[in-house]
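# Observations on chain architecture
Chain by chain, the residues run as shown.
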Amino acid sequence: MASTKIVDDAPAPRTAKVIVQFDQQQRKLLDFLRAEGTFGREDGEIIRNVVLDYLKQKKPAAGGKA
Amino acid sequence: MTTAQKSRLDIVLEPVSGKAIPVLKGETLRISLVSGAQHVEFNCFNLHDHKEYMSVGHMRRESFRAGPDRMIWSNPPRYRPMMKIVAMPPTCGSDLLVAGSVSKVLEAQFGIDGLPGFDDTMAQALGEYNLTADDAHDPLNLWLNTEWDHIGTFVTTNSGKPGDCVDMLALMDVLAVPTIAAGANFSLSGNFSYKPIRVQVLEADSSSREEADREWQANTALKTQRTLDDYKLKTIRTERSLTPTDSYQPDYVNFPIEWTDIEVLFSSDELQSIWPLRGRMGATDGELVRTLFFHWYTENRKSHGLRFYSPQQLHA
């Protein structure tokens, strides 16, 4: 008889990976924000935090006029 | 402009004529209505390089109308301030949408082939400086009342009054070319009659020189405002027929575009909050995230330079 393993710990939040393409000029904006230090140091971290800040600014009208 | 400035030139232009007039840095060109409403079509060249000239299209980026404190911008890649409008009365409708009146249109519409057009009048005025009809460019329209709708622009009654004057301060040495607009006797642009205009050049004084210097310094500091020294080719061709140069190699700016893949991690909840925008702001998750990034940057960090006056007036 097969045994069933019961997991007590709550599952870790699942993450989703998005690949975003920036060209060499667009990446300069990431350098500007990196220098500010507010949104993180890694490119992906900066983009993520900026996008979440944008959604926060637009809430509850996210998806409205942008 | 100060009241102490004296005229070094004071002429009246009769219908239908124009005049090419050198106006040196710090001097002020004054155009006045003599006896009532008259549409004036205006061109402007760098006095020392006629390939630099007024770009109405780029003035239009600021507004469909010109007005006090607005610049006469030159054509890219120079994009420099040639003159500054320092005075314009409310009764002077200004317009940056309407192309110069052309005799061809008037002939087609009225069946009269003797009507001059902007192209004819401007060509005659430019000839004094060995410029041709081909050198005329889209005019800045003074005393032209226009409106627009979903189809395009249309002209309304000219509100100009006798004594109205427009003052333009030269920020570089220019060849200014005011002309009495053709077709004013057949349209509301001149309330169906021609009138003369008065043109003066007011001498520079310390105040006007200081203002010209200040505006020039403030508006010519961008690296992408190219000068002739930046040009790959500096020679003005004289042959009319176009032929390729086999050895020519273009040197495009920022070419080729190099893409970098950037991995961005979102929680599933965060990604779900973005998904409703998919399709409207990006076809893929990657496009959507980049679009949202740039909307944020545009609203929170982008400067509003080159005379875009406020974020509210800028359609980013």
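What you see as residue numbers is a count from 1 along each chain, following the sequence as written. To label them, take the chains in the order written and letter them from A, then take the ligands in the order written and number them from 1. This being a predicted model, a pLDDT of at least 70 is required before a residue's local features are given, and a value of 80 or more before pairs of side-chain atoms are given or counted; all residues contribute to the totals for chains, interfaces and linings.

## A word on the environment of Gly67 of chain B
Residue and element names in this part refer to chain B. Per the convention used, a helix needs a DSSP run of H or I reaching at least four residues, while a strand needs a run of E reaching at least two, with both numbered from the N terminus. Tracing the backbone through its elements, the reader meets Gly67 in the loop between α1 (56-59) and β6 (71-73). In the structure, Gly67 is positioned 21 residues away from Met88 in sequence and 6.2 Å away in space, judged by C-alpha atoms. What counts as a contact is two residues whose backbone-derived C-beta atoms lie within 7 Å of each other. Leave out the neighbours within four places in its chain, and Gly67 touches Ile85, Met88 and Ser94.

## Re the interface of chain B and chain A
Between chain B and chain A, the contact holds 27 residues from the first and 27 residues from the second. Contributions of two or more residues to the side of chain B that touches chain A are made by β15 (259-267), α5 (268-274) and α6 (285-300) of chain B. Class assignment for the residues of the side of chain B that touches chain A results in 14 nonpolar, seven polar and six charged. When residues are sorted by character, Ala, Val, Leu, Ile, Met, Phe, Trp, Tyr, Cys and Pro go into the nonpolar class, Asp, Glu, Lys and Arg into the charged class, and all the rest, Gly among them, into the polar class.

## What to know about the domain arrangement of chain B
When cut into domains, chain B gives domain 1 (7-225) and domain 2 (268-300). The straight-line distance from the C-alpha centre of domain 1 of chain B to that of domain 2 of chain B is 45 Å. Each domain's extent is set by a domain assignment, obtained either automatically or from a database.

## Brief notes about the environment of Glu41 of chain B
Residues and elements named next belong to chain B. Tracing the chain through its elements places Glu41 in strand β4 (residues 40-46). The spacing of Glu41 and Gly279 is 238 residues in sequence and 47 Å in space, taken between C-alpha atoms. Those residues in contact with Glu41 that lie beyond four places of it in its chain are Gly100, Phe118, Met122, Pro139, Asn141, Thr179 and Ala181.

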